[in-house]
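Coordinate inspection notes
Here's the letter readout for the chains.
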Amino acid sequence: MQRFINDPDQVVEDTVKGFVKAHSDIVRLAENPRVVVARQAPVAGKVGVVTGGGSGHEPAFIGYTGRSMLDAVAVGELFSSPTAKSFHDAIRAADGGKGVVVLYGNYAGDNMNVKMATKLAAKDGIEVATVVANDDVCSAPASEREKRRGVAGEIFMWKVGGAKAATGASLEEVRAAAQKAIDRCRSIGVGLGPCTLPAVGHPNFRIEPGTMEVGIGHHGEPGVRVEPLKTAEEVARDMVKIVLDDHGLPEGTEVAVLVSGLGATPLNELYILNDTIESEISARGLKIRETWIGNYFTSLGMVGATLTVMALDDELKTLLDVETRCTILL
Amino acid sequence: MQTFDNTSSGAIVLSMAERIIENRAYLSEIDGKIGDGDHGVNMAKGFGMAAERLKGKDASLSQSLDTLGTVLMTEIGGSMGPLYGVMFTEFAETIEGVEKIDAATFGRMLHAGLSGIQSIGAAKVGDKTLLDTLVPGVEAFDKATADGKSFSDALDALVAAAEAGRDSTLNLVAKIGRASRLGERSLGVLDAGATSCAIILKELAQGAKAALANPS
């Protein structure tokens with residue numbers, strides 16, 4: 001595949017530079033060039049909201065920096081956790097004196113680096129709470145939910161956590177709201193084509209023509225099942241089934257739906273999937289309150305899509321309605 | 001009693017960096033089979049940065065290990081940054097201020113590195129990680145010294161056990177990290193972390209052995 005890059009080893013630096021130039025009304029760089037900070041942060045008396053993760057998932061993670069969203073984001077190498085130092089610097093940049101919540105995904109590197117950053121922040125006298133996203137249904141069975149990785153449900157978690165913090169809530173209240181959001185999210189990814197790290201130069205795994213990987217991860221981790229490629233209708237039906245069978249929601253539950261492309265799937269195909277996703281969810285007696293559809297959380301140039309369903313309650317509905325200003329419209 | 005000199009052995013870290021950089025493509029290739037293929041890239045970046053900082057400095061082994069550990073921990077991230085970062089900074093702390101490193105000190109250094117890794121990671125032996133190289137290596141070194149073998153023989157035992165441990169990951173199912181999502185599909189492939197750990201331990205042991213043979 002042909003790409004717009006300069007130096008394969010400088011992809012992250014160049015991405016962040018261009019991002020900050022485009023959105024200087026919303027974000028700025030911290031002293032550490034691997035930390036993106038909302039312009040207004042830190043806000044005195046507000047709980048700081050932080051995330052971080054590997055690059056290559058744009059607009060995640062940096063694109064969700066902004067007002068009533070994330071105060072600071074630690075930026076890692078492509079598909080690789082940010083350093084403990086970057087998480088620590090992000091926590092410091094977000095600290096308005098009321099504590100900082102770190103809302104991140106369940107990956108070995110992120111777990112270790114956040115743990116170390118939390119210890120460093122404690123030495124600065126900053127109280128840190130964490131929520132670890134684990135919404136990806138196919139990454140482990142329901143009995144081992146703590147092993148599941150975090151995927152696009154993180155966006156709902158950030159939105160809810162960021163909105164809750166904006167109401168002036170306490171650190172524990174913000175943590176609890178974000179935890180509830182992710183507890184009520186289930187996601188699935190389907191991959192039709194692999195992605196390539198520019199510095200590696202070739203795809204990390206193959207998806208044979210005519211097949212698809214069900215349960216694919218956000219880093220090109222192969223899926224749990226390889227199947228012949230089906231029609232969009234059949235794929236969407238399968239995605240809804242896997243997500244909702246795991247969810248087990250009572251009829252009448254209101255839900256928010258997020259359909260995200262993985263980087264190289266055109267938007268029109270997401271709409272084609274959503275045509276069936278909407279019908280299938282409604283057919284199960286659930287009420288779709290809102291649908292977000294677009295490239296919200298990508299994996300470089302992977303071909304494919306993810307579906308996330310979040311079960312709502314009054315608090316989550318109120319928080320989803322809080323006006324947000326970040327580089328992605330919410 | 002065999003010892004080697006801390007002050008004049010900093011070059012061991014430079015040659016370790018050379019080996020890692022040489023193996024950049026190989027480590028990424030095996031990582032790519034069950035991981036995301038960036039292990040060699042990130043390791044070479046970190047070890048290369050540390051080597052740049054150390055070149056021409058004539059640093060001691062403890063200072064060199066500290067520089068390497070700090071670079072990995074603060075600049076590299078991922079899983080390997082904190083894991084190897086902790087290991088090398090623990091190595092450095094154990095031998096800091098020790099002029100002549102004997103087998104007992106070297107053994108304490110290995111254990112401190114291992115404990116550091118275990119304090120931040122959750123892996124066990126058999127999970128298809130770098131611990132499958134490190135733990136048998138450390139145990140073999142312990143056993144050899146307990147059996148009254150010389151320091152240099154114990155270093156040979158360390159390398160042999162570490163490499164056997166690395167090879168054992170071929171037949172292991174990954175239990176932790178990105179490859180664990182693959183279940184049985186992770187069989188038949190070496191673990192990239194176990195492979196880089198074997199390179200590191202071999203270079204460390206061979207460097208120490210050479211320093212034992214040629215005391216300065």
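Everything numeric here is computed off the predicted structure, so don't read it as measured data. (Residues numbered from 1 in each chain as written. Chains lettered and ligands numbered in written order. Predicted model: local features only at pLDDT ≥ 70, side-chain atom pairs only at ≥ 80, totals over all residues. Heavy atoms only, no water.)

1. Comments concerning the interface of chain B and chain A
With 27 residues of chain B at the contact, the number on the chain A side is 35 residues. Summed over both sides, the interface of chain B with chain A buries roughly 2300 Å², with 50% coming from carbon and sulfur. Summed over the shared surface of chain B and chain A, the number is one salt bridge. A salt bridge links E77(A) to K45(B); the shortest N-O distance between them is 3.0 Å. Inspection of the region where chain B meets chain A yields six residue pairs in polar contact (both at pLDDT 80 or more). Elements with a contribution of two residues or more to the side of chain B that touches chain A: helix 2 (24-34), helix 3 (39-54), helix 4 (61-76), helix 5 (80-95) and helix 6 (103-120) of chain B. (Contact = heavy atoms within 4.5 Å. Buried area = accessible area lost by both parts, 1.4 Å probe. Salt bridge = Lys/Arg side-chain N within 4 Å of Asp/Glu carboxyl O. Polar contact = N/O pair within 3.5 Å; in protein donor to acceptor, adjacent residues only side chain to side chain. Helix = DSSP H or I, 4+ residues; strand = E, 2+ residues; numbered from the N terminus.)

2. Things to note about the pattern of salt bridges
Going through the model one piece at a time under the given rule, you end up with 41 salt bridges over all chains. The residue E233(A) makes a salt bridge to R237(A) at a minimum N-O spacing of 2.6 Å. With a gap of four residues between them, E233(A) and R237(A) both fall in helix 6 (residues 232-247), about one helical turn apart. The exposure class assigned to E233(A) is partly exposed, which follows from its relative accessible area of 42%. Here R237(A) falls in the partly exposed class, since its relative accessible area comes to 36%. It is possible to trace a salt-bridge network through shared partners that takes in E13(A), R34(A), E77(A) and K45(B). (Buried < 20%, exposed > 50% of the residue type's maximum accessible area, 1.4 Å probe, protein only.)

3. Some details on empty space enclosed by the protein
All names here are of chain A. Considering all chains together, one arrives at one cavity of 30 Å³ or more under this definition. Empty space within the largest cavity amounts to approximately 40 Å³. In terms of lining residues, the largest cavity is bounded by G53, G54, S55, E58, A60, F61, I62, V73, A74 and V75. At the level of secondary structure, the elements contributing two or more residues to the lining of the largest cavity comprise strand 3 (48-55) and strand 5 (72-78). When its residues are assigned to classes, the lining of the largest cavity shows six nonpolar, three polar and one charged. (1 Å grid on protein atoms, 1.4 Å probe; cavity = no way out; pocket = protein on both sides within 12 Å on 5 of 7 lines; lining within 4 Å. Points joined across faces, edges and corners; volume = space filled by probe spheres on them. Nonpolar A, V, L, I, M, F, W, Y, C, P; charged D, E, K, R; others polar.)

4. Quick notes on helix 6 of chain A
An α-helix turns once every 3.6 residues. As a result, residues three or four positions apart point the same way. Residues and elements named next belong to chain A. The terminal C-alpha atoms of helix 6 lie 22 Å apart, and with 16 residues this matches the ideal 22 Å at 1.5 Å per residue to within 8%. Looking only at helix 6, the buried set comprises V235, A236, D238, M239, V240, I242, V243, L244, D246 and H247. Contacts made by the buried residues of helix 6 are with strand 8 (185-193), strand 9 (211-214), strand 10 (225-228), helix 7 (267-283) and strand 13 (303-311). (Expected span 1.5 Å × (residues − 1).)

5. Thoughts on the sheet that holds strand 1 (residues 27-29) of chain A
All names here are of chain A. Pairing is mixed in the open sheet, where six strands are placed in the order 1-2-5-3-6-7. This sheet does not close on itself; its edge strands, each paired only once, are strand 1 and strand 7 (128-133). In this sheet, adjacent strand axes meet at a mean angle of 25° when their direction is disregarded. Inspection of the sheet shows strand 3 paired to strand 5 by five bridges, in the parallel sense. Paired with T51 across the bridge in strand 5 is V73. (Pairing = 2+ DSSP bridges. Axes fitted to C-alpha atoms, helices over the stretch in contact; angles between N-to-C directions.)

6. Focus on the domain arrangement of chain A
Residue and element names in this part refer to chain A. Taken domain by domain, chain A holds domain 1 (8-183) and domain 2 (185-312). One C-alpha centre belongs to domain 1, the other to domain 2, and the line joining them spans 23 Å. Contacts between domain 1 and domain 2 engage 33 residues on the former and 30 residues on the latter. Of the roughly 2700 Å² buried at the junction of domain 1 and domain 2 (both faces included), carbon and sulfur atoms supply 68%. Of all residues in domain 1, F79, C138 and F156 bury the most surface against domain 2, accounting for 27% of the area lost on that side. There are one salt bridge connecting domain 1 and domain 2. When the shortest N-O distance is used, the salt bridge between R148 and D246 registers 2.8 Å. (Domains from an automatic or database assignment.)

7. Structural notes on the environment of L190(B)
All names here are of chain B. Summarising the element assignment, L190 is placed in the loop between helix 8 (151-168) and helix 9 (192-213). In this structure the C-alpha to C-alpha distance between L190 and L172, which are 18 residues apart in sequence, comes to 8.6 Å. Setting aside chain neighbours within four positions, we find L190 in contact with Y26, I30, I34, K128, R166, D167, T169, L170 and T195.

8. Some remarks on the packing of aromatic side chains
Using the criterion set out here, one finds 14 aromatic pairs over all chains in the structure. With a centroid separation of 6.2 Å and an interplanar angle of 25°, the aromatic rings of W158(A) and F297(A) are classed as stacked. Taken as a pair, W158(A) in helix 4 (residues 153-166) and F297(A) in the loop between strand 12 (287-294) and strand 13 lie far apart in primary sequence, 139 residues in all. This pair shows no difference in class: W158(A) is buried, exactly as F297(A) is. Both rings, one in F106(B) and one in F141(B), keep their centres 5.3 Å apart while their planes meet at 45°; by these two values the pair is tilted. Taken together, the residues F106(B) in helix 6 and F141(B) in helix 7 (residues 131-146) connect sequence positions 35 residues apart. Its relative accessible area of 1% is what places F106(B) among the buried residues. (Phe/Tyr/Trp six-rings, centres within 6.5 Å; stacked < 30°, edge-to-face > 60°.)

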